[in-house]
Amino acid sequence: MNRFKTSKFKNTTPKITKKDQWINDIRARSFSCQGNHIKASAKMVAFNTEQAGGGMLGVTSVKPAADGQRSVMHISCHSDLVTDLDFSPFDESLLATCSADETVKLWRLCEPESERRPSVTFNPERGRPETVLFHPTAAGLLAVGTAKCPMVWDAERPAAPLAVLEEHGDQLQSLSWKQDGSLLASTCKDKMLRVFDPRAQLKAVQSASCLQNNKDSRTLWAKDDFLLITSFDRMRNRELRLWDNRNLTSSLSSHIFGTSSGTLIPLFDADTDLLILAGMGDKVVDCFEVSTSEPFLSQVSHCLTDMSTRGVAMVPKMALDVMSCEVMRVLQLTDNCIVPIGYHVPRKNPGHEFHADLYPDTAGWTPAMSADEWWRGGNEQVEKVSLHPDKRPKPEAPAAKPVPKNMDAVSGDIKEAARGCSISSSPISSTPSSSAAPSRSPSSSSGFVPSPSADQASKAFQNFRGPTSKFRHIVGAVLHRDTHITNVRDLNLTTPGECDGFCVNRLHAAVPLAISGGQIAIFERSRPGKLPDAALPTVQNSVNVADLCWDPFDAHRLAVAGEDAKIRVWRVPRDGLKETLTEPELILQGHTEKIYSIKFHPLASDLLVSSSYDLSVRIWNLEDGKQVRLLTGHRDQVFAMAWSPDGKLLATVCKDGKIRIYDPRKSDAPVREGPGPDGHRGARVVWVCEGKYLLVSGFDSRSERGLYLYPADSPSRGAVASVSVDVSPSTLIPFYDPDTGLVFLSGKGDTRVHIYEIFPREPHFLECSSFNSPGPHKGLAFLPKSECDVRQVEIAAALMLSKTAVEPVVFKVPRVKKEFFQDDLYPETAVSWEPASSATAWLRGDDAPHRKISLRPSDMAPVSEAPKEVPVRKYMPSSFYLEEKTDEQKKEELLVAMVAKLGNMDDPLPQESFEGVDEDEWDD
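Residues numbered from 1 in each chain as written. Predicted model: local features only at pLDDT ≥ 70, side-chain atom pairs only at ≥ 80, totals over all residues. Heavy atoms only, no water.

Comments concerning unusual backbone geometry
Part 1: In this structure, Pro763 follows Glu762 across a cis peptide bond, with omega equal to 5°.
Part 2: Locating Pro763 in the fold gives a position in the loop between strand E59 (752–758) and strand E60 (765–767).
Part 3: The phi dihedral of Cys325 is positive, around 65°, even though this residue is not glycine.
Part 4: Mapped onto the elements of the fold, Cys325 is located in the loop between strand E28 (311–314) and strand E29 (326–333). (Helix = DSSP H or I, 4+ residues; strand = E, 2+ residues; numbered from the N terminus.)

Focus on the packing of aromatic side chains
Part 1: Evaluation of the coordinates by the stated rule reveals 15 aromatic pairs.
Part 2: Taking the centre distance of 5.0 Å and the plane angle of 40° together, the rings of Phe744 and Phe782 count as tilted. Of this pair, Phe744 sits in strand E58 (residues 742–746) while Phe782 sits in strand E62 (residues 779–782), placing them 38 residues apart in sequence.
Part 3: A relative accessible area of 1% places Phe744 in the buried class.
Part 4: Consider the rings of Phe821 and Tyr826, whose centres lie 5.4 Å apart with planes at 25°: the pair is stacked. Accessibility classification places Phe821 together with Tyr826 in one group, the buried group.
Part 5: In textbook terms, an aromatic cluster arises when at least three aromatic residues are bridged by ring pairs, as seen for Phe735, Phe744, Phe771, Phe782 and Phe811.
Part 6: The residue whose ring lies beneath Lys215 is Phe232, and the NZ or CZ to ring-centre distance is 4.3 Å. (Phe/Tyr/Trp six-rings, centres within 6.5 Å; stacked < 30°, edge-to-face > 60°. Buried < 20%, exposed > 50% of the residue type's maximum accessible area, 1.4 Å probe, protein only. Lys NZ or Arg CZ within 6 Å of the ring centre and 35° of its normal.)

With respect to the sheet that holds strand E50 (residues 650–654)
Part 1: The strand order across the open sheet built from four strands is E49-E50-E51-E52, with neighbouring strands paired in antiparallel fashion. This sheet does not close on itself; its edge strands, each paired only once, are strand E49 (638–643) and strand E52 (672–675). Each adjacent strand pair in this sheet contributes to an overall mean axis angle of 15°, direction not counted. (Pairing = 2+ DSSP bridges. Axes fitted to C-alpha atoms, helices over the stretch in contact; angles between N-to-C directions.)

As for the side chain of Asn245
Part 1: Mapped onto the elements, Asn245 comes out in the loop between strand E22 (237–244) and strand E23 (253–259).
Part 2: A residue is classified by how much of its surface remains accessible, and Asn245, at 7% relative accessible area, is buried.
Part 3: Residue contacts for Asn245: discarding those within four places in its chain leaves Leu183, Val195, Gln206, Trp221 and Asp225. (Contact = heavy atoms within 4.5 Å.)

What about the confidence of the model for the protein?
Part 1: Of the residues in the protein, 85% reach a pLDDT of 70 or more, and the chain-wide mean stands at 83.
Part 2: Confidence over residues 396–466 falls short of pLDDT 50; this stretch has 103 contacts with residues more than four positions distant or in other chains.
Part 3: Confidence drops under a pLDDT of 50 for residues 913–917, and excluding neighbours within four residues, the segment shows one contact in the predicted structure. (pLDDT = per-residue confidence, 0-100.)

Describing the environment of Glu583
Part 1: With respect to the helices, strands and loops of the structure, Glu583 is situated in the loop between strand E43 (566–571) and strand E44 (586–589).
Part 2: Placed 14 residues apart in sequence, Glu583 and Val569 show a C-alpha to C-alpha distance of 9.4 Å.

Considerations on the nonpolar core
Part 1: Judged by nonpolar contacts, the single largest core of 30 residues is most densely connected at Ile276, Val327, Tyr343 and Tyr359.
Part 2: Secondary-structure elements contributing two or more residues to this core are strand E24 (264–269), strand E25 (274–279), strand E26 (284–290), strand E27 (297–304), E29 and strand E30 (337–344).
Part 3: Among the elements that make up this core, the one with the highest residue count is E30 (four residues).
Part 4: With sequence-adjacent residues up to four places away left out, Tyr359 is seen in contact with Asp321, Val322, Cys325, Glu326, Val327, Phe354 and Leu387.
Part 5: Val753, Leu780, Val793 and Leu825 belong to the second largest nonpolar core, which has 24 residues in total. (Core = buried A, V, L, I, M, F, W, Y, C linked by side-chain atoms within 4.5 Å.)

Description of the pattern of salt bridges
Part 1: For the structure on display, the rule yields 37 salt bridges.
Part 2: For Arg128, the salt bridge identified is with Glu130, shortest N-O distance 2.8 Å.
Part 3: Looking at Arg128, the relative accessible area reads 25%, which means it is partly exposed.
Part 4: Exposure remark for Glu130: the relative accessible area of 4% places this residue in the buried category.
Part 5: Of the charged contacts, one joins Glu239 and Arg241 as a salt bridge, the two residues approaching to 3.0 Å between their closest N and O atoms. Each member of the pair, Glu239 together with Arg241, is buried.
Part 6: When salt bridges with common partners are traced through the structure, they connect Lys178, Asp225, Asp244 and Arg246 into a single cluster. (Salt bridge = Lys/Arg side-chain N within 4 Å of Asp/Glu carboxyl O.)

Some details on the environment of Asp224
Part 1: Within the secondary structure, Asp224 is located in the loop between strand E20 (218–221) and strand E21 (226–232).
Part 2: For Asp224 and Ala270, which are 46 residues apart along the polypeptide, the C-alpha to C-alpha distance reads 10.0 Å.

Quick word on the sheet that holds strand E14 (residues 150–154)
Part 1: Read across the sheet, four strands follow the order E11-E13-E14-E15 without closing on themselves; strand pairing throughout is antiparallel. In this open sheet, the two strands that pair with only one neighbour each are strand E11 (131–134) and strand E15 (163–164).
Part 2: Pairing geometry for E11 and strand E13 (residues 141–145), over four bridges, is antiparallel. Its bridge partner lying in E13, Thr131 is registered against Gly145.

Overview of the pairing of strand E46 (residues 607–612)
Part 1: The buried count for E46 comes to six of six residues, which makes it a mostly enclosed element.
Part 2: Neither face of E46 is open: one carries Leu607, Val609 and Ser611, the other Leu608, Ser610 and Ser612, and all of them are buried.
Part 3: Two strands pair when backbone bridges link them, and strand E45 (residues 595–600) and E46 are joined in this way by five bridges, in the antiparallel orientation. Directly across from Lys599, in E46, lies its bridge partner Val609.
Part 4: With antiparallel pairing between neighbouring strands as the criterion, E45 and E46 make up a hairpin whose turn holds six residues, including Asp606 at a positive phi of roughly 65°.
Part 5: Alignment of E46 against strand E47 (residues 617–621), held across five bridges, turns out to be antiparallel. Paired with Ser610 across the bridge in E47 is Arg618.
Part 6: Counting the residues between successive antiparallel strands, the hairpin from E46 to E47 contains four residues, one of them, Leu615, with a positive phi of roughly 65°.

Here we look at the environment of Ala848
Part 1: Relative to the helices and strands, Ala848 is located in the loop between helix H4 (839–844) and strand E66 (852–853).
Part 2: Given the relative accessible area of 23%, Ala848 is considered partly exposed.
Part 3: Ignoring any residue separated from it by four or fewer positions in sequence, one finds Ala848 in contact with Leu603 and Ala836.

Below is the structure:
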């Protein structure tokens, strides 16, 4: 910019929109991360919210509706904090997010009201991703900044990154692409600025110690080879420095902004050279004009706002009101609302003339090349377009083709995907393959994909959207305090990791106590309330409890594994404990070392399986108290066991890194085995999808909790799908509901219950809304399906053990017509509380299944048979408004309206009651 030429933008004026046009009730807050809290495309705005621990994003439209309002929808994007987000410059509905759960996801939002799922998921596996940034010229290309190194990814090949750049000496703080897309700059907590050419080499082509303080910094490319960096100096003053990439020995210029702890967030408009600076926590948004010569920074405006800044975003040029001379628009994110601030250049007759001198041609929305072309060395630039309302090129609509009826309400983006109109440069033109081989030299694209048939289009659409879920917005709630059992004392908090902590059935809850003698308290579910301070009668187990479980077919029989390698079976009186029990009904002996865990058979009565430190798994017949099977093959600690739904097979997961499947009636050795999770801190296993898959909750090599899905018929293939959940030391304990396909997961000491819907097809895992308990719980045990109140649309019921109470928790599906039985949520359920066969019959080969019953009450009609509501016309027919009226009718209507407004014409006027001069006193 020529410093001697008067700037067109020196008088640019910020205008804060009226409060009725703000985006309200958003519940944002400040999060500790290096990325943005808000981003905008020409169509949509996405921002962090405090819901779900920051793993949820709010989404709304840039333009308000006809009534001036905007509806805000919330997307459950990640299981942990969303650390950064960015919209594609070539697709206004394509959003990239990264999270503390160490995943990066692409979302095609399409419409704020539509149901969404990630289109592509990356797993960088190099620590927490802090920043994500779309490439400015190539489609589907992203830079991802993890804990210590930047990475470049192609959305069409999510299996492995195109490039993993040089590892930084400390936490990476920011990334910025050069406007021509050739270079990538990063700043780091080690005070270094690095500039990469990812296609040339993995190491930085330029680097220098450019920062004086290791506090948070931000970098972005200005024009050509110039970089702007906001940071802190040695005196902890906020500063902005201008650097020339060709010579990083010293900055060209700097500007000090005083002391404040809030990071300066820079936004730069290359078309106008205007720079926005907003400090986190500040109530000021400053606008400057940037020059590469002195003075490099000239203040244009100083905008005072009502609330503190949590983030700022710049709206793309395509969304500006150019006829009113709006040259820039900024969205200020605050705790409770988003405030649009428009920057206007004062001109005569605004709204009647397009001022071309204020709007040079700007980068359009068509990518210059594909990711593959860029990677092979392409340097094409995005074609520029005019912002003149009459000259703007509009996206070409594809030729109309038949679309399935159930797609009428979806947006054009989804319809286009269903038609198969995908271009090779589109980052999500088809479902990505997880088997793509890692490579630094991807193969070339193949251009246009031929249009499929109608059936193929429908299938492609389903693959694109993935499976839909009735349970996505499931709600968990703790029932009223009147239903709690309170004043629980002397709770044992040191039960082994293989133990669930406590166990429940429809009548009782058994809770181990930290009292000598391995005592167990038995609470009656029918008698909630505060327990007396005096000592309660207990089950005197004699030794510390290793594990315990109720007999599923006898609500009064409790099996307890002790640390003395014995299993004691207790009979609890039908009216509850009146005195301490000291004599068990049965003692099972055979293990030579401490027992890990015990499980009853799901179909046959009187069958119990146990695992022990002696590396054996034994099956017991409680009819005669004898061992009937001894299973071998384990080389280390057995973490967990699980019976298959049909009761034929037994699966185990072991510390030696193996998953084993036994057919106990045929062999003492495993019939199938395969590799389990990498971590060795603990694991659980459960059969899912009608016994076709094994779901294992465990730890990866970085000690992060995750879920792994293995095919039951061939576990040697390894996990077909996995999902990272979070970071916590306790093992996730799964409960699987075969009726809904939902798995509920929570660990001892957690406050959160994770919920996933499991599918036998891709994407296999669909995350649902989670439940957060008021405080850490010591255990969560689920009740039989018969305990659910179907009138309240409860699909799962559980008891939660806290430090001093046992609290009922229910999980509901929000539904409107609760007066009807929701038969789509409640298929016939197995009578799991009644045995299908005896132990003797099962050992002989009997595999009788459970009988099934409907949960529908006799006085409730199914919702599938509910009468269809007749739509009610809200407005008068058009003929009412278009009916011709005579002139006399119009005059009569006008007269009636005037009378109604002025009052009754027969009433005396107020002045008629005033006293005045008599008529004869006036002069003639």
